[in-house]
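Reading the structure
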Amino acid sequence: MSEKKPAAKSSSNPSSNPSSLGDEIVARIDQLAAVSETPEHLARVFLTDEHRRAADLILSWMREAGMSAHLDAIGNVCGRYEGERPGLPALMLGSHYDTVRDAGRWDGPLGVITAIACVADLNRRGKRLPFAIEIVGFADEEGVRFASTLLGSRAVAGTFDESVLNTRDRAGTSMRDALIAFGLDPDHIGKAARARGELLGYVELHIEQGPVLEQKALPVGVVTAISGATRLAANLTGVAGHAGTVPMPLRRDALTGAAECIVAIEQFCNSDEAGLVGTVGYISAMPGATNVIPGKVSFTMDVRSQSDMHRKRAVADIVRQIEVIAKRRELALQIDVTHENRSVPCAPWLKAQIAEAVAAEGHAVFELPSGAGHDGMAMVDVADIGMIFVRCRGGISHNPAEHVELGDADTGARVLLGFIENFHPHGAVNS
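Residues numbered from 1 in each chain as written. Predicted model: local features only at pLDDT ≥ 70, side-chain atom pairs only at ≥ 80, totals over all residues. Heavy atoms only, no water.

**Some remarks on the overall build of the protein**
- Each helix and strand counted, the protein has 11 helices and 17 strands in total.
- For 431 residues, the compact-globule formula gives about 22 Å, and the C-alpha radius of gyration of the protein, at 24 Å, lands near that figure.
- With respect to the three principal axes, the spread of C-alpha positions in the protein is 85 × 55 × 40 Å.
- Counting all 431 residues of the protein, 53% fall into the buried class. (Helix = DSSP H or I, 4+ residues; strand = E, 2+ residues; numbered from the N terminus. Rg over C-alpha atoms; globule rule 2.2 N^0.38 Å. Buried < 20%, exposed > 50% of the residue type's maximum accessible area, 1.4 Å probe, protein only.)

Written out as structure tokens, the structure is:
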């Protein structure tokens, strides 16, 4: 993470009425949050009635903002604001509008709604740019229904895996059948794909989903990279026994062995100076009785870093430590990698322009990685990516308590608008 002093604030603000941007954004965040499976718990899941209602609402906002808009072959909402002449390459902005279950209202929609507000401001002023602007609200980033993430952005990037069409939700409905019921043709998903030459870059504004910006007392930050992740499943097997009859030195207790492993993971990550994070999010002990020494324990590990090489080395070191613990305690060990995602660096040229927009609004430029995954992880296959983080209260996300202050929403919008108006494609001279 790094911090730079702000430049002097420009005397001319890019927005004709900048104070209205935050009000408009928050009002629409609330309006979209009302589109939910139940009023009590926000849930908006891929290819449901709520997906359709949300898509129609966002499409209406895009059209009000002066964009042509449509639903693509995977259910993404897509808007286009033409440049100084029709058909120019586009700067793409966006995020997702699906949610986890019992969600907060800001994760994903803030990026979509803020981008629309920026285009609406340009349209009110009759301003066209030497490039087009496209906004995409991705239909499924969270992967709640079919346990496969980034479906919308993978379709746009041309990397959609058609084998996932056969996966089924908890009710037994296949993704293929769900698409058909929604009114989409699963055989035409390839039509959503974009060519690299059509896009000048992809930029996403998103809540931080962590506490760093709040700790630094900063409303926005410049993202350096989306961290890669390795997830592992570990099984330790010892010998179950009677809690009262087996002396402590003779026990092969799988749960105390797992406890030592978990503490070792925490200590290893705490001692890392490159931002490595490790989480044990699930543990299960068998047979799970109060008066029985646990004979088998399963637990998961999630290890993340913005450097793939660093993460892979760290995972190897953690596994070696677990192996040593298991051998000393005479426990059988099995570890399997269940998931691996590469890290995705943000393009230096986009980071620099985002930083300029932050400084122009009078804020210190602070760089930080994203520990959470985002649609940019897919979009990097078709365009260079950049990200703007907006402070969220307490760093809380994926939770009804998720919140962004009005002033921070407005600041994020003005930074994005300033970035758009001063954007110059990679290799071009900024005039």
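**As for the packing of aromatic side chains**
- On inspection of all chains with the given rule, the structure shows five aromatic pairs.
- Plain terms: the ring middles of F46 and F146 are 6.4 Å apart, the flat faces sit at 85° to each other, and that makes the pair edge-to-face. Placement of the pair is F46 in the loop between α1 (19–33) and α2 (49–64) and F146 in the loop between β5 (132–138) and α4 (151–157), with a sequence separation of 100 residues. Taken as a pair, F46 and F146 share a single burial class, namely buried.
- Each ring, one from W349 and one from F423, has its centre 5.9 Å from the other, and the planes form 40°; the classification is tilted. Of the two residues, W349 sits in helix α9 (residues 348–360) while F423 sits in the segment after α11 (406–421), which places them 74 residues apart along the sequence.
- For F423, a relative accessible area of 5% corresponds to the buried category.
- Through pairs of rings, three or more aromatic residues link up here, namely F131, W349, F419 and F423.
- Its end group placed over the ring of F182, R52 keeps NZ or CZ at 4.1 Å from the ring centre. (Phe/Tyr/Trp six-rings, centres within 6.5 Å; stacked < 30°, edge-to-face > 60°. Lys NZ or Arg CZ within 6 Å of the ring centre and 35° of its normal.)

**Focus on the state of the cysteines**
- As enumerated under the stated definition, the model contains zero disulfides in all.
- There is no disulfide at C346, and the cysteine sulfur nearest it, in C392, is 17 Å away.
- Note on C392: relative accessible area 1%, which makes it buried. (Disulfide = S-S within 2.5 Å.)

**Quick look at the nonpolar core**
- If you look at the biggest cluster of nonpolar residues, it comprises 80 residues, and the most contacted ones within it are I133, L416, F419 and I420.
- Residues in contact with I133, not counting those within four places in the same chain, are M67, G79, R80, Y81, L91, L93, V119, L122 and I420.
- Core analysis: the second largest hydrophobic core is formed by 27 residues, C78, V136, A157 and L213 among them. (Core = buried A, V, L, I, M, F, W, Y, C linked by side-chain atoms within 4.5 Å. Contact = heavy atoms within 4.5 Å.)

**Some thoughts on unusual backbone geometry**
- In this chain, M286 is followed by P287 through a cis amide linkage whose omega measures 5°.
- Residue L47 is not a glycine yet carries a positive backbone phi of 60°.
- Mapped onto the elements, L47 comes out in the loop between α1 and α2.
- Judged by its relative accessible area of 8%, L47 falls in the buried class.
- One non-glycine residue, A217, lies in the positive phi region at around 60°.
- Note that A217 resides in the loop between α6 (212–216) and β7 (220–226).

**As for the pairing of strand β16 (residues 365–370)**
- For β16, the tally of buried residues reaches five of six residues, placing the bulk of the element in the interior.
- Where β7 meets β16, three bridges bridge the pair, whose relative direction is parallel. In the strand pairing of β16, V223 is matched with L368. (Pairing = 2+ DSSP bridges.)

**Quick notes on the pattern of salt bridges**
- Applying the stated rule across the entire model yields 25 salt bridges.
- The residue D187 makes a salt bridge to R176 at a minimum N-O spacing of 3.3 Å. In this pair, D187 is assigned in the loop between α5 (175–182) and β6 (199–207) and R176 in helix α5, connecting sequence segments 11 residues apart.
- Classification of R176 as partly exposed rests on a relative accessible area of 28%.
- Close ionic contact of R304 with D302 constitutes a salt bridge, the shortest N to O distance being 2.8 Å. Here R304 and D302 have matching classes, each one buried.
- Salt bridges linked by common partners bring R80, E82, E134, R194 and E198 together as one network. (Salt bridge = Lys/Arg side-chain N within 4 Å of Asp/Glu carboxyl O.)

**Looking at the domain arrangement of the protein**
- The domain architecture assigned to the protein consists of domain 1 (21–226 + 344–422) and domain 2 (228–341).
- Relative to domain 2, the C-alpha centre of domain 1 lies at a distance of 36 Å.
- Interface area, domain 1 with domain 2, both sides summed: about 430 Å², of which 44% is carbon and sulfur.
- Interface area lost by domain 1 to domain 2 is led by I226, G371 and M377, which between them contribute 52%.
- Along the contact surface separating domain 1 from domain 2 lie zero salt bridges. (Domains from an automatic or database assignment. Buried area = accessible area lost by both parts, 1.4 Å probe.)

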